[in-house]
Amino acid sequence: MALTLYNTLAREKQVFKPIDAKNVRMYVCGPTVYDFAHIGNARPVIVFDVLFRLLRHIYGESHVTYVRNITDVEDKIIARAAERGVSIRDLTEGTAKVYQEDALALGNLPPTLEPRVTDSMPEIIAMIAKLVANKHAYVAEGHVLFDVSSDPDYGKLSRRALDEMIAGARVEVAPYKKNPMDFVLWKPSEGDMPGWDSPWGKGRPGWHIECSAMGEKHLGETFDIHGGGIDLQFPHHENEIAQSEGAHHGKPIANYWMHNGFLQVEGEKMSKSLGNFITIRELLAEKVFGGQVWHGRVLRLAMLGTHYRQPIDWTVDRLAQTKATIMEWARMLHGELSADAPDDEVMSALSDDLNSPAALAAIYGLASAARANTGDRRRLKRTLSFLGLYADERDTDFAVGHELDAAKIEGLIAARNAARRAKNFAEADRLRGEISTLGVAIEDGPGGTTWKVVS
RNA sequence: GGCCACGUGGCGGAGUGGUUACGCAGAGGUCUGCAAAACCUCGUACCCCGGUUCAAUUCCGGGCGUGGCCUCCA
């Protein structure tokens, strides 16, 4: 059961071979904490969490290091803090906390490390200094810029040639740039803007350098896997490669680059102007999507229904269907014991470039067998918990925000059963209808009448 | 304008050069006061047009559609 991963750098699936099986290292670009994360941000968090779990399963829990940074220095943060009249520290700390809560609610394990840019300034400055010394960067008008012409491989990840990009003519050319594609490593900070002392004066880092510096600090010059959304491929990841490999004399920053596909909402791109912009927090806590709130595990399962590299269409229908599925599992598994190991067929599907839809197909097969078989039930439970999809919740736990009046339901059921005993089936059916309007379905079984939440 | 990805049955969604994905919904059946659950059976899909091939949804070319990047938006 070899693990294969699609490597964006090579444009093909490759067998994964770690540099050090005793310490498999993965870096994923985390959030810039100026506002709540939206549902599109949730995709890489979930996808790479599944990979983290799979790697831990294969190499051992203590042999995988997963770094997901928190970017807490950025111009949007400065702007947002000023706009709200709060301190930068309050804004970034508050937003980071919500992000971590959201990630947890979606069933993700915490990464091994979540370094912050503000805690990594010496490493950032040291790397920039190294790039200047290596002639990959130059100082101009208080800025330090990366010189793309110094890197013959520039563009290898996104497969673009420099001259083609410049031909796009949408590049804003600052007068101090030697080449239009040169990007900022360090820029000056004036007044009360956040700034750190450096050889180039008081300033702050540009966008891409923090990931290069934190990757090196926590994972070494070369690590195994680097992940993120497809939109980061250019320029962010391209620039990370240029910086790290420029600072490390051409040593590769990562052996495998992975990118998750984009997310659309009800068939349209998610944007504030279309009014379909939706945050994780809103899905979890406010009735703004489909008129109800959604359990984090429902969101997680819905996300894993599509292969991570495919585009995904985020719809109310999809969530409703997912919710029904997970509630059915809960009815079967709540209170059940768990097997020692997850299902082989599921693990094998995941090992094929994280083919989660194929893994789910195997899970459905297991669920079908589990109805009649304790062993399969326990294996199913273990498999679902392995994936972060189930942790012994009751089915009603997934009907978040559903107001239940159990006494009223029980009363109606008692009345209906009295009517049935009296052969007054018209009245019994009327009562069934009334119960149904409460979002509850009833079943007459050999042991009496049971009910369950269906919406 | 340049570069790139995707387009599968009512919906969601894998996969493959010639054989069943799978889930939901739907149809029929057993069962049931009626239902539900459970179980059994059922769909013969792959954007369009060419080409390669004995054979293409699966490879190649073109077109159309959707989306992404080229602007410090995952």
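Residues numbered from 1 in each chain as written. Chains lettered and ligands numbered in written order. Predicted model: local features only at pLDDT ≥ 70, side-chain atom pairs only at ≥ 80, totals over all residues. Heavy atoms only, no water.

## Some words on helix α3 (residues 88-105)
Next, step 1: Spanning 18 residues, α3 covers 26 Å between terminal C-alpha atoms, matching the ideal 26 Å at 1.5 Å per step.
Next, step 2: For α3, every residue scored as buried is listed here: L91, T92, T95, A96, V98, Y99, D102 and A103. For α3, the buried positions fall inside an angular range of 165° around the axis, keeping them on one side. Opposite its buried face, α3 presents the exposed residues R89, D90, K97 and L104, each directed more than 90 degrees away.
Next, step 3: Elements in contact with the buried residues of α3: α1 (39-59), β4 (64-68), α2 (75-84) and α8 (280-285).
Next, step 4: Following α3 by one or two positions, G107 adopts a phi angle in the positive range, close to 85°. (Helix = DSSP H or I, 4+ residues; strand = E, 2+ residues; numbered from the N terminus. Expected span 1.5 Å × (residues − 1). Buried < 20%, exposed > 50% of the residue type's maximum accessible area, 1.4 Å probe, protein only. Arc of directions from axis to C-beta. Contact = heavy atoms within 4.5 Å.)

## Quick word on the sheet that holds strand β13 (residues 312-314)
Next, step 1: Taken in spatial order, the 3 strands line up as β12-β11-β13 in an open sheet, and their pairing is mixed. Whereas interior strands pair on both sides, the edge strands pair on one side only; in this sheet they are β12 (268-269) and β13.
Next, step 2: The pairing of strand β11 (residues 263-265) with β13 spans 3 bridges and is parallel. Looking at β13, one finds that L263 is bridged to I312. (Pairing = 2+ DSSP bridges.)

## Observations concerning the environment of L91
Next, step 1: Tracing the chain through its elements places L91 in helix α3.
Next, step 2: Among the residues examined, L91 registers a relative accessible area of 4% and is labelled buried.
Next, step 3: Remark: the alpha-carbon pair of L91 and T315, spanning 224 residues in sequence, is separated by 31 Å.
Next, step 4: Ignoring any residue separated from it by four or fewer positions in sequence, one finds L91 in contact with V33, Y34, I77, R80, A81, R84 and V86.

## Considerations on the domain arrangement of chain A
How large an interface is tends to be reported as the accessible area lost when its parts come together.
Next, step 1: Once the domains are mapped, chain A shows domain 1 (16-260), domain 2 (263-398) and domain 3 (406-453).
Next, step 2: Centre-to-centre, using C-alpha coordinates, domain 1 lies 30 Å away from domain 2.
Next, step 3: Each partner contributes residues to the interface: domain 1 has 26 residues there, and domain 2 has 34 residues.
Next, step 4: Together, the buried faces of domain 1 and domain 2 total about 2500 Å²; carbon and sulfur atoms form 70% of this surface.
Next, step 5: Viewed at the interface, domain 2 and domain 1 are joined by 3 salt bridges.
Next, step 6: Taken together, the links from domain 1 to domain 2 amount to 12 residue pairs in polar contact (both at pLDDT 80 or more).
Next, step 7: Among the secondary structure elements, those contributing two or more residues to the side of domain 1 that touches domain 2 are α1, α3 and β10 (254-260). (Domains from an automatic or database assignment. Buried area = accessible area lost by both parts, 1.4 Å probe. Salt bridge = Lys/Arg side-chain N within 4 Å of Asp/Glu carboxyl O. Polar contact = N/O pair within 3.5 Å; in protein donor to acceptor, adjacent residues only side chain to side chain.)

## Overview of unusual backbone geometry
Next, step 1: Backbone torsion omega between F234 and P235 reads 0°, so that peptide bond is classified as cis.
Next, step 2: Tracing the sequence through the fold places P235 in helix α7 (residues 233-247).
Next, step 3: Non-glycine residue K135 carries a positive phi angle of around 65°.
Next, step 4: Inspection of the secondary structure assignment puts K135 in the loop between α4 (121-133) and β5 (137-140).
Next, step 5: Residue D353 is not a glycine yet carries a positive backbone phi of 50°.
Next, step 6: The residue D353 is located in the loop between α11 (344-351) and α12 (356-370) in this model.
Next, step 7: Judged by relative accessible area, which is 0%, D353 ranks as buried.

## Describing the packing of aromatic side chains
Next, step 1: Counted by the stated rule, this structure contains 7 aromatic pairs.
Next, step 2: With 6.2 Å between their ring centres and 35° between their planes, Y27 and F223 make a pair best called tilted. On the criterion of sequence distance, the pair formed by Y27 in strand β3 (residues 24-28) and F223 in strand β9 (residues 223-229) is long-range, its members being 196 residues apart.
Next, step 3: Classification of Y27 by relative accessible area gives buried; the value is 0%.
Next, step 4: According to the relative accessible area criterion, F223 is buried, its value standing at 1%. (Phe/Tyr/Trp six-rings, centres within 6.5 Å; stacked < 30°, edge-to-face > 60°.)

## Quick word on the sheet that holds β9
Next, step 1: One open sheet accounts for 4 strands, arranged β4-β3-β9-β10; its pairing is parallel. Whereas interior strands pair on both sides, the edge strands pair on one side only; in this sheet they are β4 and β10. The average undirected angle you get between the axes of adjacent strands in this sheet is 20°.
Next, step 2: Alignment of β3 against β4, held across 5 bridges, turns out to be parallel. Across the sheet, residue M26 finds its bridge partner in β4, namely Y66.
Next, step 3: The strands touched by α1 within the sheet are β3, β4, β9 and β10, with β4 carrying the most contacts at an inclination of about 165°. (Axes fitted to C-alpha atoms, helices over the stretch in contact; angles between N-to-C directions.)

## Describing the protein's contact with RNA strand B
Next, step 1: Neighbouring RNA strand B are 44 residues; K76, K187, W207, G229 and L232 lie closest to it.
Next, step 2: Atoms of RNA strand B within 4 Å of the protein belong to the sugar or the phosphate in 57% of instances, the rest to bases.
Next, step 3: K269 is positioned such that a nitrogen or oxygen atom in its side chain is 3.1 Å from a phosphate oxygen of RNA strand B.
Next, step 4: In the model, a phosphate oxygen of RNA strand B is placed 3.3 Å from a nitrogen or oxygen of the R371 side chain.
Next, step 5: The leading source of residues in the surface near RNA strand B is α12, at 4 residues.
Next, step 6: Looking at the surface near RNA strand B residue by residue, the class counts come to 13 nonpolar, 15 polar and 16 charged. (Near = heavy atom within 4 Å. Nonpolar A, V, L, I, M, F, W, Y, C, P; charged D, E, K, R; others polar.)

## Considering the pattern of salt bridges
Next, step 1: Counted according to the given criterion, the structure contains 34 salt bridges.
Next, step 2: In this structure, R281 and E101 form a salt bridge, with 3.1 Å as the shortest nitrogen-oxygen distance. With R281 in helix α8 and E101 in helix α3, this residue pair connects regions lying 180 residues apart in the sequence.
Next, step 3: Taking the relative accessible area as the measure of exposure, E101 reaches 33% and is therefore partly exposed.
Next, step 4: Close ionic contact of K251 with E221 constitutes a salt bridge, the shortest N to O distance being 3.1 Å.

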